[in-house]
Amino acid sequence: MSSTASAPSPSVRRLAAPAPGWTKTTDVVVVGSGVAGLTTALRVREAGLRVLVVTKAMLDDGSTRWAQGGIAAALGEGDTPEQHLSDTLVAGAGLCDEEAVRMLVTEGPGAVRRLIATGATFDRDDEGEILLTREGGHHRRRIAHAGGDATGAEISRALVEAVRTDDDLELIEHALVLDLLTDAKGRTAGLTLHVMGEGQRDGVGAVHARAVVLATGGLGQVFSATTNPAVSTGDGVALALRAGAEVADLEFVQFHPTVLWLGPDAEGQQPLISEAVRGEGAHLVDADGVRFMVGQHELAELAPRDIVAKGIMRRMQETGAEHMYLDGRRFGAAMWEERFPTILASCRSHGIDPVTELIPVAPAAHYASGGVRTDLRGHTSVSGLYACGEAACTGVHGANRLASNSLLEGLVFAERIAADIIERDRLGKLAPRHEDTTRPVEVVPLLAAEARAEIQRVMTRGVGVLRSADSMAAAVEGLAALAEPEPDKSEFPQVETWEATNLHLVASALTAAALLREETRGCHWREDAPDRDDENWQKHLITTLDEGRLQVG
Ligand code: SIN
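Because the structure is predicted, anything quoted here is derived from the model rather than measured. (Residues numbered from 1 in each chain as written. Predicted model: local features only at pLDDT ≥ 70, side-chain atom pairs only at ≥ 80, totals over all residues. Heavy atoms only, no water.)

Novice: Lay out the overall build of the protein chain in plain terms, naming residues and giving numbers.
Specialist: Check the secondary structure of the protein chain and you find 14 helices and 24 strands. Principal-axis analysis of the C-alpha atoms gives the protein chain an extent of 65 × 55 × 50 Å. The buried share of the protein chain, taken over its 553 residues, is 61%. Counting every atom, the protein chain has about 19,800 Å² of accessible surface; 48% of that belongs to carbon and sulfur. (Helix = DSSP H or I, 4+ residues; strand = E, 2+ residues; numbered from the N terminus. Buried < 20%, exposed > 50% of the residue type's maximum accessible area, 1.4 Å probe, protein only. Areas by Shrake-Rupley, 256 points an atom, 1.4 Å probe, with all protein chains shown as cover.)

Right, dumping it as structure tokens:
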């Protein structure tokens, strides 16, 4: 067993972007419009710094709005941050950074209250107390929700409204970030981006800034079926790698256990059936009606997510079935309509009525527990570059994120990043703005846009919910083959080209880490190394891109 590897990765062929055609200046660029990005932007802006928010689609098109279940925080009577800490550490399977988790759970309740003050409305009981539900791995009702099962949509609505009504906050929608710009001392000095507007198909520009915050969301589109929207192509992780930043824990991709099963060939974003449905009492059953999670874990269907996903996969293997079922018929029509209106509508639009029928479900890629490595103030290993939310690896999630901790992490660490930027500015420690910048040394081959579907197939076959050395070796080969014969040759590559290129780099890094970690832990499940091995693997794998080769160790 080796504990480091230099992975087969894209060879250096050409610079990833043409020279910028226009420039712009600001103090801080925030990339992304989910809870992490918009909270950072609003808080930094409140301190009087100039902020530009860049988002790949529309302001409300990120992952946040798809979150159903809610946001976890010790808000209920009798609950404490200590209990939330304990559940988070158990789910994280030995790899959480306890200090980071302690910050999350102690600062969480206050951050949720500040989110409410910003305009988000949560479901409340007749006495006005916030209603709390349960999800996998939580020993208490701890999940605040909005609109029944539309928590992310409500949070997104409130933050987008706050951003849109702040006349001093600048915004560029439909802009994909390309690469980091640095000054002569290697400090962050801005970034390049490709704006896709009417008549602007070749709109590559540069923004000069004193700090950059990556809140670009996840990388679920690396796989064929995912709960992530089409924009989740790992752009932040790819940019960070090309900029020389460290990336951690990429092998820990969480597969949500209960995603609506739409057939064996279903591709792209799939409808989520929130864990809160199980939290309110729905059961997982096989085709014979057997509750197969009972006896596998003390919490049965509400075990941490990785355990339930594995339970479903095992039962599928044992019975030869393509999916399992979720039985929520005991709720009745009124509860479905009031508590889970989004899921009810989504199931019905696919011809399934959960009031009277079982819901077919199977695991699908859901959340990257790893990402760009940061400290407790959101700093990456590149000066002036911050990362937040799903794009980041703060150490909070370890090998498996606890349900509904992600919105909380975005919120808490966004506030920490904003506080750090404001403090640095006050102390004169934020880098001065430089227009004399350079683009990254690390360059990767541009892939043709069509490579996207093949990357997804290769990754789903080889590095999906169940992995082995053989399946991952095949993925390495498949990815290498995609990088070789037909790179994009166009003079002005388009957004789809960058996306395929980012997916390829992130898929290669994920595979390299997963291949190296010869054990099963959290959501990294190896058929050929089925046990957790604390002696050798109770550690994080850090990935960097060095002279065109991925280094993992
Ligand atoms: C869910 O509602 O099941 C998803 C919540 C999460 O991913 O934390």
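Further notes follow.
Novice: Describe the site of the ligand, with residues and values.
Specialist: Looking at the ligand, the residues that line it are Gln68, Gly69, Glu135, His256, Leu272, Ser274, Glu275, Arg305, His366, Arg401, Ala403 and Ser404. In the model, an oxygen atom of the ligand is placed 2.6 Å from a nitrogen or oxygen of the Ser404 main chain. Summarising the interface, the protein chains cover 95% of the accessible area of the ligand, which totals 260 Å² for the free molecule. (Near = heavy atom within 4 Å. Polar contact = N/O pair within 3.5 Å; in protein donor to acceptor, adjacent residues only side chain to side chain.)

Novice: Please provide a residue-by-residue account of the pattern of salt bridges, values included.
Specialist: Note that side chains of opposite charge can pair when their charged atoms are close. Evaluation of the coordinates by the stated rule reveals 45 salt bridges. A salt bridge links Arg102 to Glu82, with the shortest nitrogen-to-oxygen separation between them at 3.1 Å. Of this pair, Arg102 sits in helix 3 (residues 98-118) while Glu82 sits in helix 2 (residues 81-91), and the two are 20 residues apart along the sequence. Judged by its relative accessible area of 33%, Arg102 falls in the partly exposed class. A salt bridge links Arg315 to Asp286; the shortest N-O distance between them is 3.0 Å. Residue Arg315 is located in helix 7 (residues 305-319), and its partner Asp286 is located in the loop between strand 17 (283-285) and helix 7; the two are separated by 29 residues in the primary sequence. Each member of the pair, Arg315 as well as Asp286, carries the same accessibility label: buried. (Salt bridge = Lys/Arg side-chain N within 4 Å of Asp/Glu carboxyl O.)

Novice: Explain the sheet that holds strand 10 (residues 188-195) residue by residue, including any values.
Specialist: Taken in spatial order, the four strands of this open sheet run 2-11-10-9, and their pairing is mixed. Each of the sheet's edge strands pairs with one partner strand only, and the pair in question is strand 2 (22-25) and strand 9 (175-182). Across the sheet, the axes of successive neighbouring strands diverge by a mean angle of 25°, strand direction being ignored. Pairing analysis gives four bridges linking strand 2 to strand 11 (residues 203-208), with the strands arranged parallel. (Pairing = 2+ DSSP bridges. Axes fitted to C-alpha atoms, helices over the stretch in contact; angles between N-to-C directions.)

Novice: Account for the sheet that holds strand 8 (residues 170-172), naming residues and giving values.
Specialist: Spatially, five strands are ordered 8-4-3-12-21 in an open sheet, and the strand pairing comes out parallel. Edge positions in the sheet fall to strand 8 and strand 21 (385-387), since each of these pairs with one other strand and no more. Averaged over neighbouring strand pairs, the angle between their axes works out to 20° when direction is ignored. Two strands pair when backbone bridges link them, and strand 3 (residues 28-31) and strand 4 (residues 51-54) are joined in this way by four bridges, in the parallel orientation.

Novice: A description of the packing of aromatic side chains should follow, citing residues and the corresponding values.
Specialist: Counted according to the given criterion, the structure contains four aromatic pairs. When the ring of Phe223 is compared with that of Phe255, the centres are 5.4 Å apart and the planes differ by 70°; the resulting orientation is edge-to-face. One end of the pair, Phe223, is in the loop between strand 12 (211-214) and strand 13 (225-226); the other, Phe255, is in strand 15 (residues 253-260), and 32 residues separate them in sequence. Here the two residues Phe223 and Phe255 agree in accessibility, since each one is buried. Each residue in the set Phe331, Trp336 and Phe340 is aromatic and connected to the rest through ring pairs, giving one cluster. If you follow Arg401 out to its NZ or CZ, it ends over the ring of Tyr367, 4.0 Å from the centre. Over the aromatic face of Trp537 sits the side chain of Lys539, whose NZ or CZ is 5.0 Å from the ring centroid. (Phe/Tyr/Trp six-rings, centres within 6.5 Å; stacked < 30°, edge-to-face > 60°. Lys NZ or Arg CZ within 6 Å of the ring centre and 35° of its normal.)

Novice: Run through unusual backbone geometry, naming residues and quoting values.
Specialist: A positive phi is found at Ala300, a non-glycine position, where the angle reads about 45°. When its relative accessible area of 12% is taken as the criterion, Ala300 is described as buried. With a phi close to 50°, Glu547 is a non-glycine residue in the positive phi region. Following the sequence through the fold, Glu547 ends up in the loop between strand 23 (542-546) and strand 24 (549-552). Residue Glu547 is classed as exposed on the basis of its relative accessible area, which comes to 67%.

Novice: Give a detailed account of the packing of helix 2 against helix 3, specifying residues and quantitative values.
Specialist: Where helix 2 contacts helix 3, the axes come no closer than 9 Å and their chain directions differ by 135°. The angle between helix 2 and helix 3 falls in the class oblique. The way helix 2 lies across helix 3 gives a crossing that is right-handed. Of the residues in helix 3, those in contact with Pro81, Glu82, His84, Leu85, Thr88 and Leu89 of helix 2 are Glu98, Val101, Arg102, Val105 and Thr106. The residue inventory of the contact of helix 2 with helix 3, partitioned by class, reads five nonpolar, three polar and three charged. (Parallel < 35°, antiparallel > 145°, perpendicular 65-115°, else oblique. Left-handed = near helix turned anticlockwise from the far one by under 90°. Contact = heavy atoms within 4.5 Å. Nonpolar A, V, L, I, M, F, W, Y, C, P; charged D, E, K, R; others polar.)

Novice: A description of the pairing of strand 9 should follow, citing residues and the corresponding values.
Specialist: Where burial is concerned, most of strand 9 is hidden: eight out of the eight residues are buried. Pairing analysis gives six bridges linking strand 9 to strand 10, with the strands arranged antiparallel. Counterpart to Leu180 in the pairing with strand 10 is Leu191.

Novice: Would you mind going over helix 1 (residues 35-46) in detail, with residue names and values included?
Specialist: Taking 1.5 Å per residue, twelve residues should reach 16 Å; helix 1 reaches 16 Å between its end C-alpha atoms and fits that length. Residues Val35, Ala36, Gly37, Leu38, Thr39, Thr40, Ala41, Leu42, Arg43, Val44 and Arg45 constitute the buried set of helix 1. Buried residues along helix 1 sit against strand 3, strand 4, helix 3, helix 4 (151-164), strand 12 and helix 10 (405-426). Of the residues one or two after helix 1, Gly48 is the one with positive phi, at around 95°. (Expected span 1.5 Å × (residues − 1).)

Novice: Please give an account of the layout of surface pockets that cites residues and values.
Specialist: If a probe as big as a water molecule is rolled over the atoms, it shows which places are left empty. Taken as a whole, the second largest pocket spans an internal volume of roughly 630 Å³. Lining the second largest pocket are 27 residues; nearest its centre among them are Ala225, Trp261, Pro264, Pro363 and Thr460. A total of four residues in the lining of the second largest pocket trace back to one element, the largest contributor, which is strand 19 (residues 359-368). Of the residues assigned to the lining of the second largest pocket, the class counts are 18 nonpolar, five polar and four charged. (1 Å grid on protein atoms, 1.4 Å probe; cavity = no way out; pocket = protein on both sides within 12 Å on 5 of 7 lines; lining within 4 Å. Points joined across faces, edges and corners; volume = space filled by probe spheres on them.)

Novice: Please give an account of the environment of Val294 that cites residues and values.
Specialist: On the secondary structure map, Val294 appears in the loop between strand 17 and helix 7. For Val294, a relative accessible area of 48% puts it in the partly exposed group. Note: C-alpha distance between Val294 and Thr106 (188 residues apart in sequence) is 33 Å.

Novice: Describe helix 2, listing the residues and the values that go with them.
Specialist: Considered for burial, the residues of helix 2 that qualify are His84, Leu85, Asp87, Thr88 and Ala91. The buried residues of helix 2 occupy one face: seen down the axis, they fall within an arc of 170°. Each element contacted by the buried residues of helix 2 is listed here: strand 5 (71-72), helix 3 and helix 10. Where helix 2 terminates, the next one or two residues include Ala93, which has phi positive at roughly 55°. (Arc of directions from axis to C-beta.)

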